[in-house]
Amino acid sequence: NVMDPIRLSIVCSGPKHLLQTVRWFVTAQAQTGLVVTRIKNKFLLPESEVQDGYRDVALNVIFEDASGLKIIGEIQVHDRQVHDLKLRMHKLYKVKRANNSSSIA
């Protein structure tokens, strides 16, 4: 199930900037043409529901062009400190998700 064929990450400098960014996407839908269909705020979820403790805010959006073609995407909004830690731990994440050792690059 592909839910987000287009994905964008925005890294923010702290919680205040993160919330301002999410609020902008919600309030600027008419100007951007991006309709926010879902917001998943992993900062509000209990630890048991957050994979590996990683937290961000994900916005699912739909863009429709003049011909009616619709594209769904995801905008991930990250806190800089959490995002930097995620980058450092990416190799461990790949090992955890690998089916076998040859699939780890």
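Just so it is clear, the structure is predicted and the values come from calculations on it, not from any experiment.

Points about the confidence of the model for the protein
Piece 1. Of all residues in the protein, 84% have pLDDT values of 70 or greater, and the mean over the chain is 86.
Piece 2. Helix α4 (residues 90–97) is the least confidently modelled element of the protein, averaging 64 in pLDDT, while helix α1 (residues 15–27) averages 97, the highest of any element.

Remarks on the sheet that holds strand β4 (residues 70–79)
Piece 1. Strand order in the open sheet made by the 4 strands is β1-β4-β3-β2, with mixed pairing throughout. Of all the strands in the sheet, the pair left with one neighbour each is β1 (6–12) and β2 (34–41). Taking the axes of each pair of neighbouring strands and ignoring which way they run, one obtains an average angle of 20° across the sheet.
Piece 2. The sheet contact formed by β1 and β4 spans 7 bridges and is parallel.

So, the pattern of salt bridges
Piece 1. Per the stated rule, a full pass over the model turns up 4 salt bridges.
Piece 2. Across the pair R7 and E74 runs a salt bridge, and its minimum N-O distance is 3.6 Å. With a gap of 67 residues between them, R7 in strand β1 and E74 in strand β4 connect regions that are remote in the sequence.
Piece 3. What makes E74 buried here is its relative accessible area of 14%.
Piece 4. In this structure, K42 and D56 form a salt bridge, with 3.6 Å as the shortest nitrogen-oxygen distance. Placement of the pair is K42 in the loop between β2 and β3 (57–64) and D56 in the loop between β2 and β3, with a sequence separation of 14 residues.
Piece 5. Judged by its relative accessible area of 3%, D56 falls in the buried class.

Thoughts on a nonpolar patch on the surface
Piece 1. On the surface, I6, F63, L69 and I71 cluster together into a nonpolar patch covering about 340 Å² of accessible area.
Piece 2. Among the structural elements, I6 can be located in strand β1.
Piece 3. Among the residues examined, I6 registers a relative accessible area of 47% and is labelled partly exposed.

Details of the packing of aromatic side chains
Piece 1. A complete count under the given rule lists 1 aromatic pair for this structure.
Piece 2. Pairing W24 with F25 gives two aromatic rings, centres 5.0 Å apart and planes at 80°, and the pair type is edge-to-face.
Piece 3. Residue W24 is classed as partly exposed on the basis of its relative accessible area, which comes to 45%.

As for the side chain of H78
Piece 1. With respect to the element layout, H78 can be found in strand β4.
Piece 2. Within the structure, the side chain of H78 is placed 3.2 Å from the side chain of S9, a separation counted as a polar contact.
Piece 3. A distance of 2.4 Å separates the side chain of H78 from the side chain of Y54, its partner in a polar contact.

Conventions and cut-offs
Residues numbered from 1 in each chain as written. Predicted model: local features only at pLDDT ≥ 70, side-chain atom pairs only at ≥ 80, totals over all residues. Heavy atoms only, no water. pLDDT = per-residue confidence, 0-100. Helix = DSSP H or I, 4+ residues; strand = E, 2+ residues; numbered from the N terminus. Pairing = 2+ DSSP bridges. Axes fitted to C-alpha atoms, helices over the stretch in contact; angles between N-to-C directions. Salt bridge = Lys/Arg side-chain N within 4 Å of Asp/Glu carboxyl O. Buried < 20%, exposed > 50% of the residue type's maximum accessible area, 1.4 Å probe, protein only. Patch = residues over 30% accessible without salt bridge, like charges linked within 9 Å, V, L, I, M, F, W, Y side chains within 5 Å. Areas by Shrake-Rupley, 256 points an atom, 1.4 Å probe, with all protein chains shown as cover. Phe/Tyr/Trp six-rings, centres within 6.5 Å; stacked < 30°, edge-to-face > 60°. Polar contact = N/O pair within 3.5 Å; in protein donor to acceptor, adjacent residues only side chain to side chain.

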